[in-house]
Amino acid sequence: MSKYLIDKFLYTVDRDPDLVERYRSAPGELVAWWEAERANTVLNCMTGESSTWLRFTDDERQALIDHDHVRLFELGAHPFLTLTLFIAMFERDNKEPLEYQKAFGARLAHFDLPYPDIAT
Amino acid sequence: MASIVAVIASTHHPFYYRATTATGEDRPPFADEWERKILAFRETLTRANPDVLVMVGSDHFHQLWLDNMPQFLVGKAPFYDANWYNEEREFGLPRMLLQGQEDLSAHILRNGLDEGFDLAFSNELRIDHSITCPIITLRPEADLPIVPIYTNIFAPPLPQPSRFVKLGESIRRIVEQWPSHLRVAIIGTGHLSLELGGPRQFGPHGPDPEFDRRAVEWIASGDLDNCLREVTLDSLHSPGNATHGFMDFMLMMGVAGAGAKADHVDTLDLFHTMEAYFTWYPSGAPA
């Protein structure tokens, strides 16, 4: 499990407008680039002082490539991070207010309490 | 010594700014009532005539991250830039610059450590909507110096609810012992029941109106006994997956004191969440 790395992906993409657009339009390319170039960056350290061990499992990588927020929820990704980034990518397609937000919730309707554990 | 002229607890709804600055067809139908309630709430702070604001909130994965996550953090800086790109993007929040009150920050840090809270600190803190929302609602001039205090209600493992209450009690005592003539208001924001990124989000009401009703009663009457009996880290999952933000309300109940009845109580039932506003006057209501 690399819940931390999924959260790190969502967090670092969400705060960069260019990465948000790349993730929306070319998710496979963006996820591969991010895992190769950014996954091991310690966020407040210089390059050359990176981590050496972080990588996605195949399942996690595929969920990110597929924009599969339901699977991300199941894997224990932090739901605030997922929601914020996915709103950034897809709210613009709304035909009425909150359409995407409501559909996002409806796609998770089969989850009962307790939800998947988000502790990292 | 400093005087605590108001204690205020509030929800921090990031849509307020956009809803109430919108005009014409863009203005949502609930905006007028919301603005009326906020103007009445704002008056409770204005009447107290504060010089300094202690602001309790929670970073929403902006500056604080899982590689280095503090449980409780006090800002100590001459200035705080505020609001983030993703808050501009999603909520239309403006960039802001707030002045800091470093003497009070230092006093809270020193005495908090001595009272048994291993407080983290930050000398360069960019604050987010958990603190700027109450600035926008309660003091839109943003002209008073602040001391920001962040709590972790977001990234488990979290401190126990009782720890939030105790920290609130300590903050009250520590501010009262600040050797200063200044008038301090302590303002904290959290949530009632709330779901974010889960199946119960963005419903016609908050995800658990019954929890909200009981929570408002606990806060308004200062009923820490029942609140602490019923609220646990586990129980807070049930009203909604982001309801751990209620622990910042519990912190503010600690500041107000057990049994302290709020002098101002108001709520607004919105889609997605219940808004709630509370003011206490520890030194008596201002004339």
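No experiment lies behind these values; they were computed from the predicted model shown. In this numbering scheme, every chain counts its residues from 1 along its sequence in written order. Think of it this way: whatever chain is written first is A, whatever ligand is written first is 1, and the rest follow in order. Given that the model is predicted, a residue must reach a pLDDT of at least 70 before its local features are reported, and side-chain atom pairs must reach 80 or more before they are shown or counted; all residues, however, enter totals for whole chains, interfaces and linings. Side-chain metrics rest on all non-hydrogen atoms present in the structure, leaving aside hydrogens and water.

Q: Tell me what's going on with helix α9 (residues 246-256) of chain B, and back it up with residues and numbers.
A: Residues and elements named next belong to chain B. Burial of α9 is extensive: eleven of the eleven residues sit out of reach of the surface. Exposure categories follow from relative accessible area, calculated using a 1.4 Å probe and restricted to protein chains: below 20% of the type maximum is buried, above 50% is exposed, and the middle band is partly exposed. Each helix is a run of DSSP H or I of at least 4 residues and each strand a run of E of at least 2, with the numbering of both proceeding from the N terminus. Within α9, the full set of buried residues consists of F246, M247, D248, F249, M250, L251, M252, M253, G254, V255 and A256. G257 sits one or two positions beyond α9 and adopts a positive phi of about 105 degrees.

Q: Mind laying out the pairing of strand β10 (residues 274-280) of chain B, listing which residues take part and the relevant values?
A: Residues and elements named next belong to chain B. The element β10 is extensively covered by neighbouring structure, given that seven of its seven residues are classed as buried. Neither face of β10 is left uncovered, since the one carrying M274, A276, F278 and W280 and the one carrying E275, Y277 and T279 both have all their residues buried. Pairing of strand β1 (residues 3-11) with β10, which is carried by four bridges, proceeds in the antiparallel orientation. Its bridge partner being in β10, S10 is matched across the sheet by Y277. Between any two strands, at least two bridges found by DSSP are needed for them to pair. Note: strand β9 (residues 264-269) against β10, six bridges, orientation antiparallel. Bridged to L268 within β10 is E275.

Q: Can you break down unusual backbone geometry residue by residue, with the values?
A: Outside of glycine, negative phi angles account for most residues, and trans bonds account for most peptide bonds. Residue P114(A) is reached from L113(A) by a cis peptide bond, and omega for that bond is -5 degrees. Put simply, P156(B) and P157(B) share a cis peptide bond, and its omega is 10 degrees. On the secondary structure map, P157(B) appears in the loop between β7 (146-151) and α6 (161-176). One non-glycine residue, L98(A), lies in positive phi territory at about 65 degrees. Mapped onto the elements of the fold, L98(A) is located in the loop between α6 (79-90) and α7 (99-106). Taking the relative accessible area as the measure of exposure, L98(A) reaches 16% and is therefore buried.

Q: How would you explain the interface of chain B and chain A if you had to name every residue and give the values?
A: For this analysis, residues touch if any pair of their heavy atoms sits within 4.5 Å. Between chain B and chain A, the contact holds 26 residues from the first and 34 residues from the second. Taken together, the two surfaces of chain B and chain A that pack against each other cover about 2500 Å², and 65% of this comes from carbon and sulfur. Should a side-chain nitrogen of Lys or Arg be within 4 Å of a carboxyl oxygen of Asp or Glu, the pair is scored as a salt bridge. D14(A) is paired through a salt bridge with R89(B); the nearest N and O atoms lie 2.5 Å apart. Think of a polar contact as two N or O atoms within 3.5 Å of one another; within protein, one of them needs to be a possible hydrogen donor and the other a possible acceptor, and neighboring residues in sequence only count if both atoms come from side chains. Across the chain B-chain A interface, the total number found is nine residue pairs in polar contact (both at pLDDT 80 or more). Buried area adds together the accessible area that both of two parts lose upon being put together, with accessible area traced by a 1.4 Å probe.

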